[in-house]
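Residue-level listing of the chains:
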Amino acid sequence: MRQKILTKAIDMFLNLGFKSVTMDDLANEMGISKKTIYTHFTNKTELVKECTSQLFINITTGINSICSMEKNPIEELYEIKRLVTLYLKDEKSSPQYQLQKYYPAIYASLKSKQFETMKECVVENIKRGINLGFYRENLNIDFIARIYFSGVTSIKDSTLFPPENFPKEQLIDEYLEYHLRGIVTPKGRNKLNNLINSNYE
């Protein structure tokens, strides 16, 4: 039951927002009593914390699985993009904004974990890309990893990128292409163009 509550809560939080969804809403949606929810989660803050932690673990596990395949580094980034898009497909209500505003401690902890995980992944991707001749040799790897994380975080800001003007999937595609075109060699550019032309994303 605990896992069922988590799964439904994640779906509702992404779809409607962390602040908007009440414990009553969750209980009604699942056809259970609030008492049942409180048997597993002391309060809503604990539920939010567990949901964000579960989502982070799910995505991180998927990313690690993709990275372990040691694909072409450009393809790898597109695979990760597809995975994250799949997990966040129901994200319609700027949940990141609500999480940051109403649960700042949870948001700060999550962002810190996201940064460490993504930085490690991007650093390895860049090193492999350089070794294989797809990325330029003179890159400042730490800078690129940090600016990439900063960009990925910023494009989720609906005040900067209103969804009605910047559809989420298109925005992610454009950011990824923007990132790659800044670091690829001619060999990498050919690979990137082939991927885009084949509708890989």
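Reading the values: the criteria
Residues numbered from 1 in each chain as written. Predicted model: local features only at pLDDT ≥ 70, side-chain atom pairs only at ≥ 80, totals over all residues. Heavy atoms only, no water. Helix = DSSP H or I, 4+ residues; strand = E, 2+ residues; numbered from the N terminus. Expected span 1.5 Å × (residues − 1). Polar contact = N/O pair within 3.5 Å; in protein donor to acceptor, adjacent residues only side chain to side chain. Buried < 20%, exposed > 50% of the residue type's maximum accessible area, 1.4 Å probe, protein only. Core = buried A, V, L, I, M, F, W, Y, C linked by side-chain atoms within 4.5 Å. Contact = heavy atoms within 4.5 Å. Salt bridge = Lys/Arg side-chain N within 4 Å of Asp/Glu carboxyl O. Axes fitted to C-alpha atoms, helices over the stretch in contact; angles between N-to-C directions. Parallel < 35°, antiparallel > 145°, perpendicular 65-115°, else oblique. Nonpolar A, V, L, I, M, F, W, Y, C, P; charged D, E, K, R; others polar.

S.K.: Describe helix α4 (residues 44-68), and please don't skip the residues or the numbers.
M.R.: Helix length check: α4, at 25 residues, gives a terminal C-alpha distance of 36 Å against a target of 36 Å (1.5 Å per residue), a fit within 8%. Its side-chain oxygen at 3.2 Å from the backbone nitrogen of Thr45, Asn43 defines the N-terminal cap of α4. After α4 finishes, the residue Glu70 shows a positive phi value of roughly 50 degrees.

S.K.: Hey, could you go over unusual backbone geometry for me, with residue numbers and the actual values?
M.R.: One non-glycine residue with positive phi stands out, namely Glu70, at about 50 degrees. Mapped onto the elements, Glu70 comes out in the loop between α4 and α5 (73-87). Residue class for Glu70 comes out exposed when judged on its relative accessible area of 59%.

S.K.: I'd love a proper account of the nonpolar core, names of residues and values included.
M.R.: Within the largest apolar cluster, 31 residues are counted, with the highest numbers of intra-cluster contacts made by Phe13, Leu26, Ile37, Leu47, Val48, Cys51 and Leu99. Listing elements by their share of this core, those giving two or more residues are α1 (2-16), α2 (23-30), α4, α5 and α7 (104-131). If you tally residues by element for this core, the top one is α4, at 8 residues. In this structure Leu99 touches Phe18, Val48, Thr52, Pro104, Ile106, Tyr107 and Leu110, once residues within four positions along its chain are discounted. The next biggest cluster of nonpolar side chains, apart from the first, holds 24 residues, and it includes Val152, Leu171, Leu180 and Ile196.

S.K.: Requested: an account of the pattern of salt bridges, with residues and values cited.
M.R.: For the structure shown, the criterion picks out 11 salt bridges. With its nearest N and O atoms 3.6 Å apart, the salt bridge here joins Arg82 to Glu79. On the criterion of helical spacing, the pair formed by Arg82 and Glu79 is a turn pair, its members being 3 residues apart in helix α5. In this structure Arg82 comes out as partly exposed when scored by relative accessible area, which is 40%. Taking the relative accessible area as the measure of exposure, Glu79 reaches 19% and is therefore buried. Across the pair Arg181 and Glu177 runs a salt bridge, and its minimum N-O distance is 2.9 Å. With Arg181 and Glu177 both in helix α9 (residues 168-181), this residue pair falls 4 residues apart, about one helical turn. Owing to a relative accessible area of 36%, Arg181 belongs among the partly exposed residues under this scheme.

S.K.: Could you give an account of the environment of Asn190, naming the residues involved and the relevant values?
M.R.: Along the chain, Asn190 falls in helix α10 (residues 186-197). In this structure Asn190 comes out as partly exposed when scored by relative accessible area, which is 48%. C-alpha of Asn190 to C-alpha of Cys51: the two residues are 139 residues apart in sequence and 41 Å apart in space.

S.K.: A description of the packing of helix α6 (residues 95-102) against α7 should follow, citing residues and the corresponding values.
M.R.: At a closest axis distance of 5 Å, the pairing of α6 and α7 adopts a crossing angle of 120 degrees. Comparing their axes, α7 and α6 come out oblique. Contacts between α6 and α7 pair Gln96, Leu99, Gln100, Lys101 and Tyr102 from the former with Pro104, Ile106, Tyr107 and Leu110 from the latter. Class assignment for the residues of the contact of α6 with α7 results in 6 nonpolar, 2 polar and 1 charged.

S.K.: Could you give an account of α9, with specific residues and numbers?
M.R.: In this model α9 runs 20 Å from its N-terminal to its C-terminal C-alpha over 14 residues, within 8% of the 20 Å that 1.5 Å per residue would give. If you follow the buried residues of α9, they end up packed against α5, α8 (141-154) and α10.

S.K.: Run through the side chain of Glu76, naming residues and quoting values.
M.R.: Position of Glu76 relative to the elements: it lies in helix α5. Owing to a relative accessible area of 2%, Glu76 belongs among the buried residues under this scheme. For Glu76, the contacting residues outside a window of four places in its chain are Ile66, Cys67, Lys71, Asn125 and Arg128.

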